[in-house]
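What follows is each chain in one-letter form.
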Amino acid sequence: MKSPLLSLPGAVPAEGADEGVAAHYGDIFREQRELVAGRAFTDLSHRGVVTVTGPDRLAWLHLLLTQHVSALPPGQATEALILSPNGHVEHALYLVDDGTTSWAHVEPGTQGALIEYLERMKFMYRVEIADATAEFAVVYLPAGSAAEAVGAAAVRELPYGRDLFLPRAELAEQAEAFGSPAGSWAYEALRIEAHRPRLGFETDHRTIPHEVDWLGTAVHLNKGCYRGQETVARVHNLGKPPRRLVFLHLDGTEEVLPPHGAEVRLAAEPGGGRALGFVTSSARHHELGPIALALVKRNVPVDAVLLAGTVPAGQEVVVAP
């Protein structure tokens with residue numbers, strides 16, 4: 001779904017998972033600085049929007065999600081996952097309830113599979129699920145933004161900003177009051193800096209929540225049964241995850257960023273040795289320079305210099321070994 005904000009001056013379309021919105025508007029570092037200062041916004045209108053209504057919606061979602069939402073207060077933002085029976089991450093939902101409707105935005109293109117699963121799980125519960133992507137668009141306002149969320153159908157208030165669910169037909173008009181636009185590259189650089197995982201980037205078909213630090217934001221460890229809970233409880237109480245997320249400071253002399261999927265190896269081993277993981281996301285940060293997140297084997301020494309593709313990288317611990 002192509003955003004009308006691609007017609008703004010300087011807009012360069014994003015590719016891949018973020019296709020449909022702008023990658024940048026001509027100056028990625030200025031856009032990052034404006035986001036940090038609270039004077040910009042990011043168009044996330046390519047993300048899927050799913051709504052759940054009905055008197056049983058929160059009790060029903062509570063049975064399916066990793067998060068405790070049965071008594072979720074109106075206006076309180078939360079994150080939640082849907083896991084496979086073996087505990088692998090299948091969906092990530094960014095939720096808020098307004099008292100009558102539960103709103104969630106999800107990764108672009110994943111809303112169809114999510115809705116298909118939710119429909120199968122309705123049984124006798126009084127809930128209605130809808131794909132609202134064609135009617136509503138997501139916009140991100142950073143912390144410190146003085147812009148008002150006039151006309152938003154729902155707002156997710158976060159420590160680092162606000163997610164607005166805006167009527168899609170009003171996106172171009174509303175955006176004029178949000179400050180200067182910052183593209184997906186700027187948003188991603190700040191996400192990587194903050195170590196926030198993203199489905200399909202920091203995850204693959206066998207990722208469990210512990211590996212990417214989702215236990216702290218998207219999993220409630222003391223709630224009742226949900227699909228995949230056995231794996232969550234067993235690894236949390238009795239073991240360690242097989243892989244761990246790390247933050248990488250990349251060698252700034254390299255011109256090319258390692259792409260998603262680039263193999264991670266030990267720099268000290270001849271030829272780099274065997275692959276110990278892969279790069280999940282990378283970006284150029286306005287202060288830190290080139291940075292990345294990577295998923296590596298748990299036993300990789302925390303002080304080891306790594307090779308991300310061909311780029312030397314120092315690591316910071318995100319998930320403890």
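Provided above is the structure to which this section pertains.
Being a predicted model, the structure only gives us computed values, none of them experimental.

Calculation rules
One numbering rule holds for all chains: residues counted from 1, following each sequence as written. For a predicted model such as this one, the threshold for reporting local features is a pLDDT of at least 70, and the threshold for listing and counting side-chain atom pairs is 80 or more; totals across whole chains, interfaces and linings nevertheless cover every residue. Here the side-chain values reflect all heavy atoms present in the structure, with hydrogen atoms and water set aside. Whether a residue is buried, partly exposed or exposed follows from its accessible area with a 1.4 Å probe, protein chains only, as a fraction of its type maximum: under 20%, in between, or over 50%, in that order. Secondary structure elements follow DSSP: runs of H or I no shorter than four residues count as helices, runs of E no shorter than two count as strands, and numbering proceeds from the N terminus. A pair of strands is labelled paired if DSSP reports no fewer than 2 bridges between them. Lines are fitted to the C-alpha atoms to define the axes, a helix being fitted only along its stretch in contact, and any angle between axes, read from their N-to-C directions, falls within 0 to 180 degrees. In this description, contact between two residues means that some pair of their heavy atoms is separated by no more than 4.5 Å. This arc is taken over the directions from the axis of the helix to the C-beta atoms. Should an angle lie under 35 degrees it is considered roughly parallel, over 145 roughly antiparallel, and from 65 to 115 roughly perpendicular; all remaining angles are considered oblique. Here is the rule for handedness: rotate from the far helix to the near one, and if that takes an anticlockwise turn smaller than a right angle the crossing is left-handed, while a clockwise turn gives right-handed. Under the scheme applied, nonpolar residues are Ala, Val, Leu, Ile, Met, Phe, Trp, Tyr, Cys and Pro; charged residues are Asp, Glu, Lys and Arg; polar residues are all the others, including Gly. Note on definitions: salt bridges are taken to be side-chain nitrogens of Lys or Arg within 4 Å of carboxyl oxygens of Asp or Glu. Stacked, edge-to-face and tilted labels apply to pairs of Phe, Tyr and Trp rings (six-membered ring for Trp) whose centres lie within 6.5 Å, assigned for plane angles under 30 degrees, over 60, and everything in between, in that order.

J.: What is the right way to read helix H5 (residues 184-193) from this model?
T.: Residues three or four positions apart in an α-helix share a direction because the helix packs 3.6 residues into each turn. Most of H5 is tucked away: eight of the 10 residues are buried. Taken together, the buried positions of H5 are Ser-184, Ala-186, Tyr-187, Glu-188, Ala-189, Leu-190, Arg-191 and Ile-192. Count one or two residues on from H5 and you reach His-195, which has phi positive near 65°.

J.: Would you explain the sheet that holds strand S14 (residues 263-266) in this entry?
T.: Note: strands within a sheet are paired through backbone hydrogen bonds, in either parallel or antiparallel orientation. The sheet built from six strands closes into a barrel, its strands ordered S13-S16-S15-S14-S17-S18 with antiparallel pairing. Strand-to-strand, the axes of this sheet are offset by a mean angle of 45°, without reference to chain direction. Pairing of S14 with strand S15 (residues 277-285), which is carried by two bridges, proceeds in the antiparallel orientation. The residue of S15 that forms the bridge with Glu-263 is Phe-278. Across the sheet, H5 touches strand S13 (243-250), S15 and strand S16 (289-297), and the angle it forms with S15 is around 120°.

J.: Looking at this structure, how should I read the pairing of strand S11 (residues 161-167)?
T.: It is a general feature of regular strands that their side chains alternate between the two faces of the sheet. Of all seven residues making up S11, seven are buried, and the element is well covered by its neighbours. Note: strand S10 (residues 154-158) against S11, five bridges, orientation antiparallel. Pairing of Arg-156 across the sheet is with Asp-163, part of S11. Linking S10 to S11, which pair antiparallel, is a turn of two residues.

J.: Please clarify how helix H6 (residues 229-238) should be interpreted in this entry.
T.: Within the span of H6, buried status applies to Gln-229, Thr-231, Val-232 and Val-235. Buried residues of H6, viewed axially, fall in a sector of 165°; they line one side. Opposite the buried face of H6, at more than 90 degrees from it, the exposed residues are Asn-237 and Leu-238. Packed against the buried residues of H6 are strand S5 (78-83).

J.: I tried to follow the packing of helix H1 (residues 28-36) against H5 on my own but got confused; where do I start?
T.: In a pair of packed helices, the angle between the axes and the distance between the axes together describe the arrangement. Between H1 and H5, the least distance of the axes is 9 Å, while the angle of their chain directions is 60°. Compared by their axis directions, H1 and H5 come out oblique. The crossing of H1 and H5 is right-handed. Contacts between H1 and H5 involve Ile-28, Glu-31, Gln-32, Leu-35 and Val-36 from the former and Trp-185, Ala-186, Tyr-187, Ala-189 and Leu-190 from the latter. Taken together, the residues that form the contact of H1 with H5 break down as eight nonpolar, one polar and one charged.

J.: For this particular structure, what's the right way to read the pattern of salt bridges?
T.: For side chains of opposite charge, pairing can occur when their charged atoms come near one another. What the rule picks out here adds up to 17 salt bridges. One salt bridge in this structure joins Arg-126 and Asp-56, with 2.9 Å as the shortest N-O distance. Residue Arg-126 is located in the loop between helix H3 (111-120) and strand S8 (128-131), and its partner Asp-56 is located in the loop between strand S4 (48-53) and helix H2 (57-64); the two are separated by 70 residues in the primary sequence. With relative accessibility at 54%, the residue Arg-126 sits in the exposed group. The partner of Lys-122 in a salt bridge is Glu-128, with the nearest N and O atoms 3.9 Å apart.

J.: What is the right way to look at the packing of aromatic side chains in this model?
T.: Two measures describe an aromatic ring pair: the distance that separates the ring centres and the angle between the ring planes. Applying the stated criterion across every chain, the model contains five aromatic pairs. Relative to Phe-178, the ring of Phe-41 has its centre 5.8 Å away and its plane inclined at 65°; by these criteria the two rings are edge-to-face. Residue Phe-41 is located in strand S3 (residues 40-43), and its partner Phe-178 is located in the loop between helix H4 (171-175) and strand S12 (180-181); the two are separated by 137 residues in the primary sequence. Comparing Phe-41 with Phe-178, the two get one shared label, buried.

J.: What is the right way to read the environment of Arg-274 from this model?
T.: Among the secondary structure elements, Arg-274 is positioned in the loop between S14 and S15. On the basis of relative accessible area, Arg-274 is assigned to the exposed category, the value being 53%. The spatial distance from the C-alpha of Arg-274 to the C-alpha of Asp-303 is 18 Å, given a sequence separation of 29 residues. Contact partners of Arg-274, with chain neighbours within four places excluded, come to Val-264, Arg-265, Glu-269 and Lys-297.

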